[in-house]
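The primary structure of each chain is shown beneath.
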Amino acid sequence: MATVDIEEIKDKLRCGNMSCTCYKGKNVHCPAHDDRTPSLSVTQVETQNLVKCHAGCSQESVLKVLRDMDIYVGGSQYISLKYDGSAIANIRDSSTGETKGCQLASYWFYSRLPLEFLVQCGLTEISYQKKPAVRIPYKDTNGEITHTRYRISNTLDKFRWKSGDKNPPLYGLEMLNSYKDTDKPWVMLVEGETDTLTCRYAGLPVLGIPGASTWNDDRHAQYLDGFDEIYLCVEPDTGGENLKDKIKESRIAPRVRTFTCGNRKDINELYVNTSVSTDDGMTGPKVVDFKDQLFRHLNNSQKLSDEIDQEHAEELKESYEDAQGLLTQKNILADVVDLVNELGLVGEDKLAQILYLAFTSRVLPRPVSVLAKGTSSVGKSFGVETVAKLFRERDDFLFLSGATPKALVNFEDVNLSHKMLYIAEWQGIKQDEVSYYVRTLMSEKQIRFLKAVKDENEKWVTKEQIIDGPTGVIVTTTAQNIHWENETRHLTLNSNDTDEQTSNVMNKIAEGFASTEASPDERLALRIEQHHKLQRYLAVSRPDVEIPYAPLVAKEIPPTAVRLRRDFTQVMNLISASAILHQENRDRKDGYIVASIDDYIMVRNLVDDLISEGVGRTVSKEVKATVNAVEQALENTHNEYVTKHELSSYIKLSESALERRISSALSQGYLVNTETMRGKARRLIIGKPLPEDTQFLPSPDRLGVYAPKTEIEILPPSQDTDDDDDLPF
């Protein structure tokens, strides 16, 4: 067996620091100990290559480490030129086998990239925590070093960042401008420095992501602007798939093509396993052969957008099949009422249906927002919480107890697009700045915010933060009114505060304590899961809705208040939500679901009084009852005024509920407080006359050809008869 020239052995044991004596002197670094001063001699005697460590390492320990490094000396210790990538090139303790660091030479063995090339790219050997390590500089587009990474091993736990280095950039940015200087610029996007250096050595345009988990669209995507095609190398592991999933959400996704390296893990392994050149004097893998193999893989790349479309089609089909349990029902809202009643929400059928439609409207271009009002302990939060159980938290809605002024504009990892924000109490966001961001998100469908951040060079720069919607907001409050600009953007619901409702709630609670039946939790969980599946399908399909009778409805509504511009949109979106829920029983036109008159009738029955109250055309039955009670008390007592204490004899309510009703009537001008001294009990008299009861939204029979053929009245589900034929669904 031929003897390998000793210079080849020495080259593999040199450190890469050209000023080191391992290049100028006779000795090189001994791999069996932490050799800072070259102490290993390699000499040739006849056909034998002999090694000796002058620092005291035994020849046996030196040979053992050399074998681990795939270096064999003399005869059976022949130095292998078979680059199979199997050698572990760490420096190890001869007695314990413990990894002692990573020398530049050992990184050469690992990567098979020429030492001179690695040095040219700025890699140097340093001491890191008293062990050798390879220093890898990260440079910006101007060639200035912004971050530093240390390779401390070639096996597990390979890397450390320089202390203080945060938000790592892409590796190889100093070459970016040269990559774009072509007629049709393209670039490869790979994981890690080794793959990046391998492609650069082959003369290919490449940028490296420090690790699969470090991709950040805000920081990294900007550097890929201007490239017509981006080839993403997907490694066959969890990290590779996670990286691809991140890129799918990136703005660069439409220009990305994905490829793998066949039966090789990554690009460097493909390079290492390329056939050895014997005709051009090279002592490593043949670059031409490597490029040929790599281009074959690039030619087999797939558009990432095609994969996204395929995944969406598969998810759409799967979610559609899963949703059939509810999707084919003629009246899904009846099932909602029945289910929330079983979950403990009684006497609030109307509230439950409106909330369910509002939550569903999140998939529309402009979701419906709801403000649930009520006194403490009236059950408003329980009502919203119960309906929210029928939706998927974080997928369909995000729950917040409150928010600081900058919280919403710093939602970098939370997607609010086509989701609802469920805010437990207005008190948690009532600060002017927070409420401003909330209503901006509702009306403008995004928040655009300039803030000062540190860039990759640790310099302060201005960054535009964009939080995309559309986003709906559901919030509860005990306040009589919230910020007027926020309130006009919500559909306001008042919780039932009557004694009858209190009795209903207590009876429902008592049933739970008195029942000896087995817990129905499993059955209810299955029913809730059906609604989750339905909502998943709606989120995936994002259907469009046409309301053919919308112009006729608009024509019939008297334009008596500016806020009608928003309220009318809310009504149309509730109709759209009903249509997409019942889409299996609706016509389609050019891909649009066509809302039927049944959707209008349902929504009209639910919100007509709310819209009328909002624009001052009518008042709630609670306010009307309060004013009538004051009028009756004045008539019976013949006094000039009535106090709250006297009024409590006519309206059997808790003190807080009665106070809320009086405050509402006063704010609307239907009652007047004649007491002028602060802190004194109110002296209530009648204010302006109560308006006549009118229906604000036009009757269905006024909608021309869209009017129902027969008189149909949709009863609330809790009052439905057993005859389903009377229902339009």
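Structure's up top.
Heads up: these notes are all about the structure in this document.

Description of the overall build of the chain
Helices and strands together make up the secondary structure of the chain, namely 26 helices and 23 strands. A buried classification covers 49% of the 729 residues belonging to the chain. By sequence separation, contacts in the chain at least 24 residues apart represent 67% of the contacts at least 6 residues apart. Within the structure as shown, the chain displays about 35100 Å² of accessible surface, and the carbon and sulfur contribution to it stands at 48%.

Topic: the packing of helix α14 (residues 332-342) against helix α20 (residues 521-541)
Interhelical geometry of α14 versus α20 gives an angle of 145 degrees and a closest axis separation of 11 Å. Two packed elements cross with a definite hand, and for α14 against α20 that hand is left-handed. Of the residues in α20, those touching α14 at Ile332, Asp335, Val336, Asp338, Leu339 and Glu342 are Arg523, Leu524, Arg527, Ile528, His531 and Leu534. For the contact of α14 with α20, the per-class residue count stands at six nonpolar, one polar and five charged.

Comments concerning the sheet that holds strand β12 (residues 370-373)
As summarised here, the arrangement of the five strands in space is β13-β14-β17-β12-β18, forming an open sheet in which the pairing is parallel. Of all strands in the sheet, those with a lone pairing partner are β13 (397-400) and β18 (491-494), marking the two edges. Here the strands of the sheet are splayed against their neighbours by 15 degrees on average, with no regard to which way each runs. Here helix α15 (residues 349-360) sits on the sheet in contact with β12, β13, β14 (419-423), β17 (471-477) and β18, set at roughly 150 degrees to β18. This element, helix α16 (residues 380-388), spans β12, β13, β14 and β17 of the sheet and lies at about 145 degrees to β17.

As for the nonpolar core
Proteins that are soluble and globular tend to have nonpolar side chains buried together. By size, the foremost hydrophobic cluster in this structure holds 74 residues, and its most contacted members are Leu123, Met188, Leu189, Trp215 and Leu294. Sequence-distant contacts of leucine 294, defined by excluding residues within four places in its chain, comprise Met188, Cys199, Leu204, Phe259, Ile267 and Leu270. If you look at the next biggest cluster of nonpolar residues, it comprises 68 residues, including Leu339, Ala352, Phe359 and Leu538.

Side note on the pattern of salt bridges
Taken as a whole, this structure holds 29 salt bridges when the rule is applied. Arginine 527 serves as the salt-bridge partner of aspartate 338, at 3.0 Å between the closest nitrogen and oxygen. Separated by 189 residues along the polypeptide, aspartate 338 in helix α14 and arginine 527 in helix α20 bring together distant segments of the chain. Note that lysine 533 is salt-bridged to glutamate 529, the shortest N-O span being 3.9 Å. Placement of both lysine 533 and glutamate 529 in helix α20 is noted, with a separation of four residues, approximately one turn of the helix. Three or more residues joined by partner-sharing salt bridges are found here, namely Glu241, Lys244, Asp245, Lys248, Glu307 and Glu311.

Considerations on the environment of cysteine 233
Assignment of secondary structure puts cysteine 233 in strand β9 (residues 229-233). Sequence separation between cysteine 233 and valine 190 is 43 residues, and the spatial gap between their C-alpha atoms is 5.3 Å. Non-local contacts of cysteine 233, meaning those with residues more than four positions away in its chain, are made with Leu189, Val190, Phe259, Cys261 and Ile267.

A word on the packing of aromatic side chains
Inspection of every chain in the model, using the stated rule, returns 15 aromatic pairs. Seen from their ring centres, tyrosine 138 and tyrosine 171 are 4.8 Å apart, and the 50 degrees between their planes marks the pair as tilted. Linking tyrosine 138 in strand β4 (residues 131-139) with tyrosine 171 in the loop between β6 (159-161) and α6 (176-180), this pair joins segments that are 33 residues apart in sequence. Each of the two residues, tyrosine 138 as well as tyrosine 171, counts as buried. Through a chain of ring-to-ring contacts, three or more aromatic side chains come together here, namely Phe117, Tyr201, Tyr271 and Phe290. Residue placement shows arginine 151 over the ring face of tyrosine 110; its charged tip is 4.6 Å from the ring centre. If you follow lysine 688 out to its NZ or CZ, it ends over the ring of tyrosine 670, 5.0 Å from the centre.

Re the sheet that holds strand β10 (residues 256-259)
Pairing is mixed across the open sheet formed by five strands, whose spatial order is β8-β7-β9-β10-β11. Looking at which strands have only one partner, the edges of the open sheet turn out to be β8 (206-209) and β11 (302-303). Two elements, β9 and β10, share four bridges in a ladder whose sense is parallel. Residue pairing across strands places tyrosine 231 opposite arginine 257, the latter belonging to β10. The sheet strands contacting helix α11 (residues 287-299) are β7 (186-191), β9 and β10, and the helix crosses β7 at an angle near 100 degrees.

Digging into the pairing of β14
Side-chain positions along a regular strand alternate between the two faces of the sheet. Counting buried residues in β14 gives five out of five residues, a clear majority hidden from the surface. The pairing of β13 with β14 spans four bridges and is parallel. Residue pairing for β14: leucine 398 is matched across the bridge by leucine 421. Here β14 pairs with β17 via five bridges, running parallel. When the sheet's bridge partners are listed, tyrosine 422 is paired in β17 with isoleucine 474.

Overview of the environment of histidine 29
Its place among the elements puts histidine 29 in the loop between α2 (21-24) and β1 (40-45). Take histidine 29: its relative accessible area is 4%, and that puts it in the buried class. C-alpha separation for the pair histidine 29 and leucine 13, spaced 16 residues apart in sequence, amounts to 5.8 Å. Excluding residues that lie within four positions of it along the chain, histidine 29 makes contacts with Leu13, Arg14, Cys15, Cys20, Cys22, Asp35, Arg36, Pro38 and Leu40. There is a polar contact of 2.8 Å between the side chain of histidine 29 and the backbone oxygen of aspartate 35.

Reading guide: rules and limits
Residues numbered from 1 in each chain as written. Predicted model: local features only at pLDDT ≥ 70, side-chain atom pairs only at ≥ 80, totals over all residues. Heavy atoms only, no water. Helix = DSSP H or I, 4+ residues; strand = E, 2+ residues; numbered from the N terminus. Buried < 20%, exposed > 50% of the residue type's maximum accessible area, 1.4 Å probe, protein only. Contact = heavy atoms within 4.5 Å. Areas by Shrake-Rupley, 256 points an atom, 1.4 Å probe, with all protein chains shown as cover. Axes fitted to C-alpha atoms, helices over the stretch in contact; angles between N-to-C directions. Left-handed = near helix turned anticlockwise from the far one by under 90°. Nonpolar A, V, L, I, M, F, W, Y, C, P; charged D, E, K, R; others polar. Pairing = 2+ DSSP bridges. Core = buried A, V, L, I, M, F, W, Y, C linked by side-chain atoms within 4.5 Å. Salt bridge = Lys/Arg side-chain N within 4 Å of Asp/Glu carboxyl O. Phe/Tyr/Trp six-rings, centres within 6.5 Å; stacked < 30°, edge-to-face > 60°. Lys NZ or Arg CZ within 6 Å of the ring centre and 35° of its normal. Polar contact = N/O pair within 3.5 Å; in protein donor to acceptor, adjacent residues only side chain to side chain.

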